[in-house]
Amino acid sequence: MAATQRIVIENCSIATVDADDTEYATGHLVVAGNRIESLGAGRAPEGLENVVRRIDATGHLVTPGLVNTHHHFYQWITRGLATDHNLFNWLVALYPTWARIDEPMVRAAAQGSLAMMARGGVTTALDHHYVFPKGSGDLSGAIIGAAREMGVRFTLARGSMDRSEKDGGLPPDFAVETLEGALAATEATVREHHDASFGAMTQVAVAPCSPFSVSTELMREGAELARRLGVRLHTHGSETVEEEQFCKELFGMGPTDYFESTGWLGEDVWMAHCVHMNDSDIAAFARTKTGVAHCPSSNARLAAGIARVLDMLAAGVPVGLGVDGTASNESGELHTELRNALLINRLGAHREAALNARQALRLGTYGGAQVLGRAQEIGSLEAGKLADLVLWKLDTLAHASIADPVTALVFGAAAPVTASFVNGEQIVENSRLLHVDEDAIARSTRDEAQRLARIAAQA
């Protein structure tokens, strides 16, 4: 058997984001194979065997890799449209275009979305894909293949919609699946692609789109399917005041009560957005350990409001960060969400006490791992965990006068990523991807965006 190879990273600041928020002003970290073997203050121990690489990380902060908990990759090829709309009007404007996507478009969009996140420190990504036009090809396979090529740890939230305009929903009639078709296709995707083992690179969640685009039967039977298969559940929830009104008119109750009535609260569930939550809603999420994907930039872009993140955290609700689709967050980057989460939440009721730099970093790392059910594997730098980590360069002009490295990372300009590792394998060097051609991806996504625009215009 070949000896385990080691990588030694030294002379760096380290924010572990462990339970005690342990930090080292100058420390080291040793990777053995795909795991973190040890870390601590000062230089690495002498006499380590099979060291294949030593990294002098002077001027860097090392953190856990960022974990994205909500996204819609396909939207990469519809960026910059409907820029002055609220959520419902934005959906109505874009659904006719989205309903004409196909496999080459989705693959290119997934590559663009993943590339933008990975070069900015994301090591675990999620895509909530719920648009499956008839005859469009193997969309789930295209998305998963793009993540595999990039080297990013990945969860596909296999979404679905069966409530179209004729049923009082927002999607066009030709853009939805049947109840039976959605459930069957979701089960097939789980059985083909989900890996439940420790360190899995690909997992699948059951993810009907939202209360206003799926039937109650799909919500209820989707939850039953997920628990029968042993996978997690994901959907949108409480994003806008219009959604709350929709639920009350259609179901006679608010979103949280509706979710509970359909089996959609629990420690295996997480919701995107959760902007309009009252005290009772937050208490229900805390009691059931239902998670939240907080998407501050998208919430602002669509004028949805300010989520009560501090109140959720104080109650014990697991909260992570999400990019959301790039048609409502055109930058497509998660590391900028650290700063935006902090700043936007300070505009809310708690003002300057809403979030601090370390809480924001925790949302983007350990919080995300909690929400995805992977906190035993990733999200903090601890011996025995998977070697998913990022080296942020903080010794340039952009951060030169900020003494505290975590403050520099969160409050300051977006920091360059010198290196990013997943499973101990480097996927980014000097903010460039190592396994794919970024320029080719840019060309491909531009071409597919133009093709989609032509098809939509001719429809």
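Predicted model only: the values in this text are computed from it and were never measured. Per-chain numbering applies: the sequence of each chain, read as written, is numbered from 1 onward. With pLDDT at 70 or above as the cut-off, local features in this predicted model cover only qualifying residues; side-chain atom pairs require 80 or more to be listed or tallied, and sums for whole chains, interfaces and linings still use all residues. Side-chain numbers come from the whole structure's heavy atoms, not from hydrogens or water.

1. Concerning a negative patch on the surface
Each patch is built from residues lacking any salt bridge and having more than 30% relative accessible area; the joining distance is 9 Å for like charges and 5 Å for nonpolar side chains (Val, Leu, Ile, Met, Phe, Trp, Tyr). Each accessible area value is a Shrake-Rupley result obtained with a 1.4 Å probe; residue values ignore everything except the protein chains displayed when judging cover. Only one rule defines a salt bridge in this text: a Lys or Arg side-chain nitrogen within 4 Å of an Asp or Glu carboxyl oxygen. Under this rule, positive means Lys or Arg and negative means Asp or Glu; His and the chain ends count for nothing. Where a charge lies is defined by one atom per residue type, namely NZ (Lys), CZ (Arg), CG (Asp) and CD (Glu). Together, Glu180, Glu217, Glu221 and Glu224 line one region of the surface with negative charge. Under the scheme used here, helices are H or I runs from DSSP no shorter than 4 residues and strands are E runs no shorter than 2 residues, and both carry numbers assigned from the N terminus. The dominant element in the negative patch, judged by the number of residues it contributes, is helix 5 (residues 216-229), at three residues. The topology assignment puts glutamate 221 in helix 5. Owing to a relative accessible area of 34%, glutamate 221 belongs among the partly exposed residues under this scheme. Between buried and exposed lies partly exposed: a residue is buried under 20% and exposed over 50% of the maximum accessible area for its type, with that area taken using a 1.4 Å probe on protein chains only.

2. Considering the packing of aromatic side chains
Each Phe, Tyr or Trp ring (for Trp, its six-membered ring) is paired with any other whose centre lies within 6.5 Å, and the angle between the two planes then decides the class: stacked below 30 degrees, edge-to-face above 60, tilted in between. One pass over the structure, following the stated rule, counts 10 aromatic pairs. Ring geometry for tyrosine 74 and tyrosine 130: centres 5.8 Å apart, planes at 90 degrees, overall edge-to-face. With tyrosine 74 in the loop between strand 6 (66-67) and helix 1 (87-98) and tyrosine 130 in the loop between strand 7 (122-129) and helix 3 (139-150), the pair connects residues that are 56 residues apart, well separated along the chain. Accessibility assignment for this pair places tyrosine 74 and tyrosine 130 in one class, buried. Relative to tryptophan 98, the ring of tyrosine 95 lies with its centre 5.6 Å away and its plane at 90 degrees, an arrangement referred to as edge-to-face. Pair noted here: tyrosine 95 and tryptophan 98 are both in helix 1, with a separation of three residues, about one helical turn. For tryptophan 98, a relative accessible area of 0% corresponds to the buried category. Grouped by ring-pair contacts, the aromatic residues Phe88, Phe212, Phe246, Phe251, Tyr258 and Phe259 constitute a single cluster. Above the face of the tryptophan 76 ring, arginine 79 is positioned so that its terminal group lies 3.8 Å from the ring centre. Either the NZ atom of lysine or the CZ atom of arginine qualifies as a charge over a ring when it sits within 6 Å of the ring centre and within 35 degrees of the ring normal.

3. Structural notes on the state of the cysteines
Cysteine sulfur atoms that pair up within 2.5 Å are treated as a disulfide. Under the counting rule described, the total for this entry stands at zero disulfides. Free cysteine cysteine 295: the closest other cysteine sulfur is in cysteine 274, separated by 9.4 Å.

4. Focus: the nonpolar core
Joining through side-chain atoms within 4.5 Å is the link that ties buried Ala, Val, Leu, Ile, Met, Phe, Trp, Tyr and Cys residues into a set, and such a set is a nonpolar core. Membership of the largest hydrophobic core comes to 111 residues, with the highest contact counts inside it found for Trp90, Trp98, Met150 and Met312. Contacts are residue-level and defined by heavy atoms, with any inter-residue pair within 4.5 Å sufficient. Ignoring anything within four residues of it in the chain, the contact list for methionine 150 reads Gln111, Leu114, Ala115, Ala118, Ile427, Leu433, His435, Val436 and Ile441. Core analysis: the second largest hydrophobic core is formed by 16 residues, Cys12, Leu29, Val31 and Ala419 among them.

5. Here's the deal with the environment of leucine 126
Residue placement: leucine 126 occurs in strand 7. For the pair leucine 126 and alanine 157, spaced 31 residues apart in the sequence, the C-alpha separation amounts to 7.0 Å. Every residue in contact with leucine 126, bar those within four places of it in the chain, is listed here: Asn68, Thr69, His70, His71, Phe73, Phe154, Thr155, Ala157, His234, Trp270 and Leu372.

6. Here's the deal with empty space enclosed by the protein
Cavities and pockets were defined on a 1 Å grid built from protein atoms only: a cavity is a group of points that admits a 1.4 Å probe but offers it no way out, a pocket is an open group of points flanked by protein on both sides within 12 Å along at least five of seven lines, and a lining residue is one with an atom within 4 Å of any such point. Grid points are joined across faces, edges and corners, and a volume is the space filled by probe spheres set on the points. A full pass over the atoms with the stated rule returns three cavities of 30 Å³ or more. In this model, the largest cavity occupies a volume close to 120 Å³. In terms of lining, the largest cavity is formed by 17 residues, of which the most central are Leu87, Trp90, Leu91, His236 and Glu239. It is helix 1 that provides the largest number of residues to the lining of the largest cavity, a total of four residues. Think of it as three bins: nonpolar holds Ala, Val, Leu, Ile, Met, Phe, Trp, Tyr, Cys and Pro, charged holds Asp, Glu, Lys and Arg, and polar takes everything else, Gly as well. Broken down by class, the residue content of the lining of the largest cavity amounts to eight nonpolar, seven polar and two charged.

7. A look at helix 6 (residues 241-251)
Looking only at helix 6, the buried set comprises Glu243, Phe246, Cys247 and Phe251. The buried residues of helix 6 all sit within an arc of 95 degrees when viewed along its axis, so they share a single face. Looking at the buried side of helix 6, the elements it contacts are helix 1, helix 5, strand 10 (233-237) and helix 7 (255-261). Just beyond helix 6, the residue with positive phi is glycine 252, at close to 75 degrees. Directions drawn from the helix axis to the C-beta atoms are what define this arc.

8. A look at the environment of glycine 305
Positionally, glycine 305 belongs in the loop between helix 9 (296-301) and helix 10 (309-315). Accessibility expressed as a relative area gives 30% for glycine 305, which makes it partly exposed. Through-space distance from the C-alpha of glycine 305 to that of glycine 348 is 9.4 Å; in sequence the pair is 43 residues apart. Not counting chain neighbours up to four residues away, the residues in contact with glycine 305 comprise Val275 and Asn299.

9. Some remarks on the pattern of salt bridges
Opposite charge on two side chains permits them to pair, given that their charged atoms come into close proximity. Within the structure shown, the criterion is met by 26 salt bridges. The shortest N-O distance in the salt bridge between arginine 432 and glutamate 438 comes to 3.0 Å. The class of glutamate 438 is buried, set by a relative accessible area of 12%. One connected set of salt bridges, linked through shared partners, spans Arg119, Arg432, Glu438 and Asp439.

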